[in-house]
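Working through the structure, step by step
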Amino acid sequence: MPAASSPGDVLALLRAGSAATRADLARLTGLARSTVSQRVDALIAHGFVTEEADGSSTGGRPPRKLRLRTREHAVAGVDLGASHCRVALMDIGGETLALREDPLSIADGPQSVLRHVERTLHALLDESGRTPATLQSIGVGVPGPVEFSTGRPVDPPIMPGWHQYPIPEFFADRFGVRALVDNDVNVMALAEQRRAFPDTRYLLYIKVGTGIGCGIVADGRLHRGAQGSAGDIGHIRVGDLEEPCRCGNSGCLEAIAGGAALARRLSALGLEATSGSDVVRLVKSGHRDAVRMVREAGRAVGEVLAGLVNFFNPDTVVVGGALAAVHDQLLAGVREAVYRRSHPLATHVLRIEPSRTGENAAAIGAAILAVEHALSPREVDRVVAGSGY
């Protein structure tokens, strides 16, 4: 292992569990103990770690363990959906301190929606006994395309008024911290991989809700593509159907298998259905047409997913979103198509599972995104350098 070159690298070793003492760090890095002590002292002085006697010594001086200091450092994860807002407050050790969900229309526009988030975040800080000064970073997931490098939405179809809106600057002005903004399906994928499938290095997260999208984890890292639009599978053409899509094309997966599309078809049959939630309600009540349509939607998703499995070769596919609430019917169709059309080698160890993080996936994933930024070697080095070390 190469020598750690900074306090941030040292903290990364401690977070990973590779080291727990100064002696461990010196052994792992090959650095002089005096150099290791300088870096550890800087992390302690800035409140990133604490050093305590282990209490397990059988003689002589007890060993002193280095541990991440979580009480003084918090992050926020914000999940903005088409009709809801969830905000999670988490410490940098990954414990969720508080979480709140409110009904909220993304179409109300950025000023109204983000001011609501601001008020909610202050309330959660108060509820958990933290001050705004403990906040280190904010992660935000939104239901539309995002240029990740700038954190600005780009022509989001269900977010009127949000195009190129400076979301990171809004939070920087009010909380003095960096906000990282991403597409909601990306942070959902991050939550599933980090929390539910930590041993999985190659994962696809398929969100089947009003729209359909895919989050990609490659070698343990989110893959966003060159501009942040990787995973936009909802507008891949499926079969020969000519259903018009909101993107202006026809035959898109979203127009065939999205929750809104299924609701429209059920409504045309005289049923009360205006959203994916209504589709789920009808399936759970055993309505035959709803069950059939969801299984057919699963097959359509599976047709596209089979190509992704052949191309990307993931070991885990997770299906989430509103329609995943009836995953028995949805996943039956998905698995049927994937195993029929994918290469045997690509499906040899493949597992296709329902989401384990559920409705809080995006809020938790956004908070994890914020934690990983706040504790990244580059960010830790920047903070430590600013304190004079």
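Here the residue numbering is sequential within each chain, running from 1 through the sequence in written order. Given that this is a predicted model, residues contribute local features only at a pLDDT of at least 70 and side-chain atom pairs are listed and counted only at 80 or more, while totals for whole chains, interfaces and linings are drawn from all residues. Each side-chain value is derived from all of the structure's non-hydrogen atoms; neither hydrogens nor water enter the calculation.

Bringing the domain arrangement of the protein chain into the picture now. Partitioning the protein chain into structural domains gives domain 1 (7–69), domain 2 (74–187 + 362–386) and domain 3 (197–356). Note that the domain bounds were set by an automatic or database domain assignment. Computed from C-alpha atoms alone, the centre-to-centre distance between domain 2 and domain 3 is 26 Å. In this complex, domain 2 contributes ten residues to the contact, which on the side of domain 3 involves eleven residues. Around 900 Å² of area is buried between domain 2 and domain 3 when both sides are counted, 50% of it from carbon and sulfur atoms. Here the buried area means the combined drop in accessible surface, using a 1.4 Å probe, for two parts upon being joined, counting both sides. Broken down residue by residue, the surface that domain 2 buries against domain 3 is led by Phe148, Val185 and Asn186, which jointly contribute 52%. Salt bridge criterion: a side-chain nitrogen from Lys or Arg within 4 Å of a carboxyl oxygen from Asp or Glu. For Asp184, the salt bridge is made with Lys207, and the minimal N-O distance between the two is 2.7 Å. Counting of polar contacts relies on pairs of N or O atoms within 3.5 Å, with two restrictions inside protein: one atom must be capable of donating a hydrogen and the other of accepting it, and residues adjacent in sequence are counted only when both atoms are side-chain atoms. Inspection of the region where domain 2 meets domain 3 yields two residue pairs in polar contact (both at pLDDT 80 or more). For the side of domain 2 that touches domain 3, the secondary structure elements donating two or more residues are β7 (146–147) and α6 (184–196). When residues in the side of domain 2 that touches domain 3 are grouped by element, the largest group, three residues, is from α6. Residue contacts follow a heavy-atom distance rule, with two residues in contact if any of their heavy atoms lie within 4.5 Å. Secondary structure elements follow DSSP: runs of H or I of four or more residues count as helices, runs of E of two or more count as strands, with numbering from the N terminus.

Before going further, it helps to examine the nonpolar core. Grouped burial of nonpolar side chains is what soluble globular proteins tend to show. What is meant by a nonpolar core is a set of buried Ala, Val, Leu, Ile, Met, Phe, Trp, Tyr and Cys residues, joined one to another through side-chain atoms within 4.5 Å. Here the term buried applies to any residue with accessible area under 20% of the maximum for its type, exposed to any over 50%, and partly exposed to those in between, with areas from a 1.4 Å probe on protein chains only. Residues Leu25, Leu43 and Phe48 are the most contacted members of the largest nonpolar core, which totals 44 residues. With nine residues, the single largest contributor to this core is helix α12 (residues 361–374). Beyond its immediate sequence surroundings of up to four residues, Leu25 is in contact with Val10, Leu13, Leu14, Ala19, Gly30, Val36, Val40 and Leu66. Membership of the second largest hydrophobic core comes to 40 residues, among which are Ile206, Leu253, Val309 and Val334.

A few words on the sheet that holds strand β11 (residues 212–218). Should DSSP find at least two bridges between two strands, the strands are regarded as paired. Taken in spatial order, the five strands line up as β12-β11-β10-β13-β14 in an open sheet, and their pairing is mixed. Two strands lie at the open edges of the sheet, namely β12 (221–222) and β14 (351–354), each paired on one side alone. Note on method: axes are straight lines fitted to C-alpha atoms, helices fitted across the in-contact stretch only, with angles between N-to-C directions ranging 0 to 180 degrees. In the packing of α6 onto the sheet, the strands contacted are β10 (203–208), β11, β12 and β13 (316–320), and the crossing angle to β11 comes to about 45°.

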